[in-house]
Protein chains: 2
Amino acid sequence: MYKVKVFVTLRESVLDPQGSAVKGSLHRLNYNEVKDVRIGKYMELTIDKSVADLNRTVREVCEKLLANTVIEDYRYEVEEVVAQ
Amino acid sequence: MYKVKVFVTLRESVLDPQGSAVKGSLHRLNYNEVKDVRIGKYMELTIDKSVADLNRTVREVCEKLLANTVIEDYRYEVEEVVAQ
């Protein structure tokens, strides 16, 4: 099995109202040292060893379903999981 | 500035209906090699150098606002950002 960790983040140029809301809340809680917050998504996929081309599969999955590449970037890390 | 990357994930024992829905969609798209999907949150905080105790601040922020520690775990990574 492969464990693939996918990180999807809004592109730098895209406004992040959810992040702004969290920053506002943190300031109201007196965490004024927090200067910026950006919110993204984190996904862990467990993929079978039988996959033909792991990198191609992960890229396709990200681009078709997990990320909206118009406004979001994604990156991923692969870990090999030893049989449990 | 510090850039703190926070990962919030559901605890292993907690059902993840959002992950199940994504897995179902992937199977409908014929990605049957994907055996499991877990969805989490990813947040990037930019924190000022003036912070008194970075680790304490990040832990407090996570436990008060970013993660629901009853059902979620969190971990974080700190990067130092050189003046831009």
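Predicted, not measured: the structure shown is a model, and the values here were computed from it. (Residues numbered from 1 in each chain as written. Chains lettered and ligands numbered in written order. Predicted model: local features only at pLDDT ≥ 70, side-chain atom pairs only at ≥ 80, totals over all residues. Heavy atoms only, no water.)

> Describe in detail the overall build of chain A, supporting the description with residues and values.
Looking only at helices and strands, chain A has two helices and three strands in total. In chain A, the succession of helices and strands from N to C terminus is β-α-β-α-β. For 84 residues, the compact-globule estimate of 2.2 N^0.38 gives 12 Å, and chain A exceeds it by more than 25% at 17 Å. Looking at chain A residue by residue over its 84 residues, the buried ones come to 37%. By sequence separation, contacts in chain A at least 24 residues apart represent 71% of the contacts at least 6 residues apart. In the structure as shown, chain A presents an accessible area of about 4900 Å², 47% of it carried by carbon and sulfur atoms. Of note, chain A has its 13 positive side-chain charges centred 3 Å away from the centre of its 14 negative side-chain charges. (Helix = DSSP H or I, 4+ residues; strand = E, 2+ residues; numbered from the N terminus. Rg over C-alpha atoms; globule rule 2.2 N^0.38 Å. Buried < 20%, exposed > 50% of the residue type's maximum accessible area, 1.4 Å probe, protein only. Contact = heavy atoms within 4.5 Å. Areas by Shrake-Rupley, 256 points an atom, 1.4 Å probe, with all protein chains shown as cover. Lys, Arg positive; Asp, Glu negative; His and termini not counted. Charge placed at Lys NZ, Arg CZ, Asp CG, Glu CD.)

> A description of the environment of A:Ile39 should follow, citing residues and the corresponding values.
The residue A:Ile39 is located in strand β2 (residues 34-47) in this model. According to the relative accessible area criterion, A:Ile39 is buried, its value standing at 13%. Taking C-alpha positions, A:Ile39 is 25 Å from A:Asn55, a pair spaced 16 residues apart along the chain. Ignoring anything within four residues of it in the chain, the contact list for A:Ile39 reads A:Asp16, A:Gln18, A:Gly19, A:Val22, B:Tyr42 and B:Met43.

> Now, about the environment of B:Glu77: what can you tell me, with residues and values included?
All names here are of chain B. Its location among the elements puts Glu-77 in strand β3 (residues 72-80). Residues Glu-77 and Asp-53, 24 residues apart in the sequence, show an inter-C-alpha distance of 15 Å. The contacts of Glu-77, once residues within four sequence positions are left out, are Lys-3, Val-4, Lys-5 and Phe-7.

> Can you tell me about the relation of the copies chain A and chain B, naming the residues and giving the values?
Between the two copies, chain A and chain B, the superposition gives an RMSD of 0.0 Å; the rotation angle is 180° and the shift along the axis is 0.0 Å. Such a combination of rotation and displacement between the chain copies is what one expects of a two-fold axis. (Least-squares fit on C-alpha atoms with pLDDT ≥ 70 in both.)

> Describe in detail the sheet that holds strand β1 (residues 2-10) of chain A, supporting the description with residues and values.
If you walk across this open sheet you meet the six strands as β3(A)-β1(A)-β2(A)-β2(B)-β1(B)-β3(B), and the pairing is antiparallel. Unpaired on one side and paired on the other, β3 (72-80) of chain A together with β3 of chain B mark the two borders of the sheet. Across the sheet, the mean angle separating the axes of adjacent strands is 20° when strand polarity is ignored. Each of β1 (2-10), β2 (34-47) and β3 of chain B touches helix α2 (residues 54-66) of chain B; the most contacted strand, β3(B), lies at about 145° to it. (Pairing = 2+ DSSP bridges. Axes fitted to C-alpha atoms, helices over the stretch in contact; angles between N-to-C directions.)

Geometry only, nothing functional implied.
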